[in-house]
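Inside the fold
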Amino acid sequence: MAGWLALMLTVAVAGRETTRELNVFQIMEVRTILGFFMLYPLIRMNGGFTTMRTSRPLQHISRNLIHYCAQLGWFFALTLIPLGQVVAIEFTMPIWTAILAASFLGERMTVWKTAAIVLGVVGVVIIVRPATGTINPGQLIALGAAVGFGISVTMMKSLTRTELTLAIIFWMLVVQSAAGFLPSLYVWQWPTSYAWGWLVVIAFCGTFSHYCMARAMLHADATVVIPMDFLRVPLSAALGWLIYSERLDALTVMGAALILTGNLLNLKAVAPVPARAAT
């Protein structure tokens, strides 16, 4: 999850820079194609394409189409509202993930998990501070993306029960490159060298961030892993302040503190069950 956090923060900055020049469909297509070539050495080291076979193609396709639409919305929202606000609104995602994981995957909602989600969401609301006036379309787009991410993460958790981590990422790249091929051709323009640099960063970080997430899902419940991602909210707000001079005030710090508290509660160690004496 530490790898996921670092890579996703980098993607946010790279996405903001790249959307200054290129359409989001083109960014997504180049990202998936480059990501495939970056992933290939790992595929080759782990037995080649024969190990990428799957018995659940429909779930891979549906999961990745949902995730593709959510990513398009996320990148588009970066062009409309501040970086910290995009990421903060995205963090309604754990609500959907926790509900779906408990409903369909049989995961247990403990008091600590519930507290982590509640404190995280309260922290997000404090950071965003929704105004009473006209709602920015970027906020609605970011919220729709969050719902899509929640569905995608829940489906990923289900896939980790039977599929290799590499296979999950492989099919993500295959499905999303096929979905975006025609739209990207329609809006295609040749990137400048500056944009190419950021596209390579997006491809690397976007591909291997999902590898980190899938590995984390393999070792822990979704309701444990996802609340840890709340840390991306204060970190994104700090990056927005450092790089783009976006405001970082006392309420943002307060929201970040609540998010951190929720994560600490969520990571509270559960007392081990005493082993029975040998009979």
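The present account deals with the structure reproduced in this document.

Reading guide: rules and limits
- Residues numbered from 1 in each chain as written.
- Predicted model: local features only at pLDDT ≥ 70, side-chain atom pairs only at ≥ 80, totals over all residues.
- Heavy atoms only, no water.
- Helix = DSSP H or I, 4+ residues; strand = E, 2+ residues; numbered from the N terminus.
- Buried < 20%, exposed > 50% of the residue type's maximum accessible area, 1.4 Å probe, protein only.
- Contact = heavy atoms within 4.5 Å.
- Areas by Shrake-Rupley, 256 points an atom, 1.4 Å probe, with all protein chains shown as cover.
- Phe/Tyr/Trp six-rings, centres within 6.5 Å; stacked < 30°, edge-to-face > 60°.
- Lys NZ or Arg CZ within 6 Å of the ring centre and 35° of its normal.
- Core = buried A, V, L, I, M, F, W, Y, C linked by side-chain atoms within 4.5 Å.
- Expected span 1.5 Å × (residues − 1).
- Polar contact = N/O pair within 3.5 Å; in protein donor to acceptor, adjacent residues only side chain to side chain.

**Re the overall build of the chain**
For the chain, the count of helices and strands is 12 helices and 0 strands. The order of helices and strands in the chain, counted from the N terminus, is α-α-α-α-α-α-α-α-α-α-α-α. Taking all 279 residues of the chain together, the buried fraction comes to 50%. Considering only contacts in the chain between residues 6 or more positions apart, those separated by 24 or more positions represent 91%. Accessible surface, the chain as shown: approximately 13,300 Å² in total, 71% of it carbon and sulfur.

**Here we look at the packing of aromatic side chains**
For the structure shown, the criterion picks out 11 aromatic pairs. Relative to Trp 171, the ring of Phe 170 has its centre 5.2 Å away and its plane inclined at 80 degrees; by these criteria the two rings are edge-to-face. Classification of Phe 170 by relative accessible area gives buried; the value is 9%. Ring centres 6.3 Å apart and planes at 75 degrees place the aromatic pair Tyr 194 and Trp 198 in the edge-to-face group. In this pair, Tyr 194 and Trp 198 both sit in helix α9 (residues 193-219), 4 residues apart, roughly one turn of the helix. Feature note: the residues Phe 36, Phe 37, Tyr 40, Phe 49, Phe 170 and Trp 171 constitute an aromatic cluster, connected by ring pairs. Taking NZ or CZ as reference, Arg 16 lies 4.8 Å from the ring centre of Tyr 244, over its face.

**Re the nonpolar core**
Among the nonpolar cores identified, the biggest contains 54 residues, and Leu 39, Trp 74, Phe 75 and Met 213 are the most heavily contacted of them. Breaking this core down by element, the ones donating at least two residues are α1 (2-18), α2 (24-45), α3 (57-78), α4 (83-90), α7 (137-159), α8 (165-186) and α9. At 9 residues, the largest contribution of residues to this core is made by α9. Aside from chain neighbours lying at most four places away, what touches Leu 39 is Leu 166, Ile 169, Phe 170, Leu 173, Thr 207 and Phe 208. Grouped together as the second largest cluster of nonpolar side chains are 7 residues, Ala 88, Phe 91, Val 233 and Ile 259 included.

**A short note on the environment of Glu 90**
Within the secondary structure, Glu 90 sits in helix α4. On the accessibility criterion, Glu 90 (4% relative accessible area) is buried. Glu 90 has contacts with Trp 74, Ala 146, Phe 149 and Arg 232, leaving out every residue within four places of it along the chain.

**Observations regarding the environment of Met 228**
Looking at the element boundaries, Met 228 is found in helix α10 (residues 222-228). When the C-alpha atoms of Met 228 and Gly 120 are compared, they prove to be 9.4 Å apart, with 108 residues separating the residues in sequence.

**Points about helix α11 (residues 232-244)**
If you check α11, its first and last C-alpha atoms are 17 Å apart, about what 13 residues at 1.5 Å a residue would give, namely 18 Å. Within the sequence span of α11, burial applies to Arg 232, Val 233, Pro 234, Ser 236, Ala 237, Gly 240 and Tyr 244. At the exit of α11 stands Ser 245, carrying a positive phi of roughly 60 degrees.

**Describing the side chain of Thr 154**
By secondary structure assignment, the location of Thr 154 is in helix α7. Thr 154 sits in the buried class, given a relative accessible area of 7%. Within polar-contact distance, the side chain of Thr 154 engages the backbone oxygen of Gly 150 at 2.9 Å. Beyond its immediate sequence surroundings of up to four residues, Thr 154 is in contact with Thr 97, Leu 100, Ala 101 and Leu 105.

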